[in-house]
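# Structural overview for review
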Amino acid sequence: MSYDDILIGIDGPVLTITINRPEAGNKFRHRTCLELFDALQKFRLDPQLRAAVLTGAGEKFFCIGGEHDPITSLDQSQVLPIIDVYQAIDTISKPIIAAVNGFAVGGGNVLHTVCDLTIAADSAVFRQVGPMVGSFDAGYGSWYLEDTIGRKRAKEMWYLNRKYTAQQAQEMGLVNEVVSADELQTRAAEVANEIATRSPMAIGGLKAAFSARHNGVSGQARMAHDQQLTLYLQTREAHEVSAAFGERRQPKTESFWS
């Protein structure tokens, strides 16, 4: 897939994805979502990539939400596929760090919230505007926001639609670290590279555990399949049972515990 709305950069084990629509506030449209999802799936499958940074082009906007086309029918192909992007960020077993370089508004605020960590420029601004513009997010943007900053703060953010500075966002737990704008990308890359030195299985297990709580059967399945089953398949027990099945004999169970 060729990309028009995003830029891709690779430096060692770190992937950088940049939403490249600064003239539109780095809003995500239908194509942007498809490109983000495609890039995230390639990130998932590339064994050389261990962490990713998500940011916006320019100095003013991280992302100010979605650009919805008029819906002319109930055809699901017309629905903005941003939930697929949120879900991918949340469930990929590798850490994704948001480098918020400017306004993170509406869906842009949700986008950084679902990332594992957020590093913000001191000029960044965070805001939810749904009730002001006839929109809302009743999923990742509410549940995960509540998990991150607490129930009352999340309701305040959604109901009152106030602007929050990077410092205020850090104080409420929405941001991990605030740096100067000219240091943002360097610092985000440093954090990503630091995480890339950690055990990938341990990081993947932790991420799956954090996301399983709100992901029902898919969250449990990812924990069981991607982590527990992957490890189990490397054990002598799994090898012996599989071999016994192929050889049409009973497995030597006494060897499992020795």
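Note: the structure precedes this text.
In this report, the structure presented in the accompanying data block is examined. (Residues numbered from 1 in each chain as written. Predicted model: local features only at pLDDT ≥ 70, side-chain atom pairs only at ≥ 80, totals over all residues. Heavy atoms only, no water.)

### Observations regarding the sheet that holds strand E8 (residues 125–127)
Taken in spatial order, the four strands of this open sheet run E4-E6-E8-E9, and their pairing is mixed. Edge positions in the sheet fall to strand E4 (61–63) and strand E9 (164–165), since each has one partner strand and no second. Where E4 lies against strand E6 (residues 103–105), two bridges are found, and the strand directions are parallel. Residue pairing in the sheet places Phe-61 in a bridge with Phe-103 of E6. (Pairing = 2+ DSSP bridges. Helix = DSSP H or I, 4+ residues; strand = E, 2+ residues; numbered from the N terminus.)

### Points about the side chain of Asn-101
Relative to the elements of secondary structure, Asn-101 occurs in the loop between strand E5 (96–100) and E6. A polar contact is formed between the side chain of Asn-101 and the backbone oxygen of Gly-58, at a distance of 2.8 Å. (Polar contact = N/O pair within 3.5 Å; in protein donor to acceptor, adjacent residues only side chain to side chain.)

### A short note on helix H2 (residues 82–91)
Burial of H2 is extensive: seven of the 10 residues sit out of reach of the surface. Within the sequence span of H2, burial applies to Ile-82, Val-85, Tyr-86, Ala-88, Ile-89, Asp-90 and Thr-91. (Buried < 20%, exposed > 50% of the residue type's maximum accessible area, 1.4 Å probe, protein only.)

### Some words on the sheet that holds strand E1 (residues 6–11)
Strands sit in the order E1-E2-E3-E5-E7-E10 across an open sheet of six strands; the sheet is mixed. Two strands in the sheet have a free side with no partner beyond their single neighbour: E1 and strand E10 (177–179). Within the sheet, the average angular offset between the axes of one strand and its neighbour, ignoring direction, is 20°. (Axes fitted to C-alpha atoms, helices over the stretch in contact; angles between N-to-C directions.)

### Points about the nonpolar core
In this structure, Ile-89, Leu-111 and Phe-126 are the most contacted members of the largest nonpolar core, which totals 46 residues. Ignoring any residue separated from it by four or fewer positions in sequence, one finds Leu-111 in contact with Ile-19, Leu-54, Phe-62, Cys-63, Val-85, Tyr-86 and Ile-89. Listed in part, the 13 residues of the second largest apolar core include Val-53, Ile-97, Val-179 and Ala-192. (Core = buried A, V, L, I, M, F, W, Y, C linked by side-chain atoms within 4.5 Å. Contact = heavy atoms within 4.5 Å.)

### So, the packing of aromatic side chains
Counted by the stated rule, this structure contains three aromatic pairs. On the numbers, 5.8 Å between centres and 65° between planes, the contact of Tyr-86 with Tyr-140 is edge-to-face. With Tyr-86 in helix H2 and Tyr-140 in helix H5 (residues 140–149), this pair connects stretches of sequence that are 54 residues apart. Each member of the pair Tyr-86 and Tyr-140 is classed as buried. (Phe/Tyr/Trp six-rings, centres within 6.5 Å; stacked < 30°, edge-to-face > 60°.)

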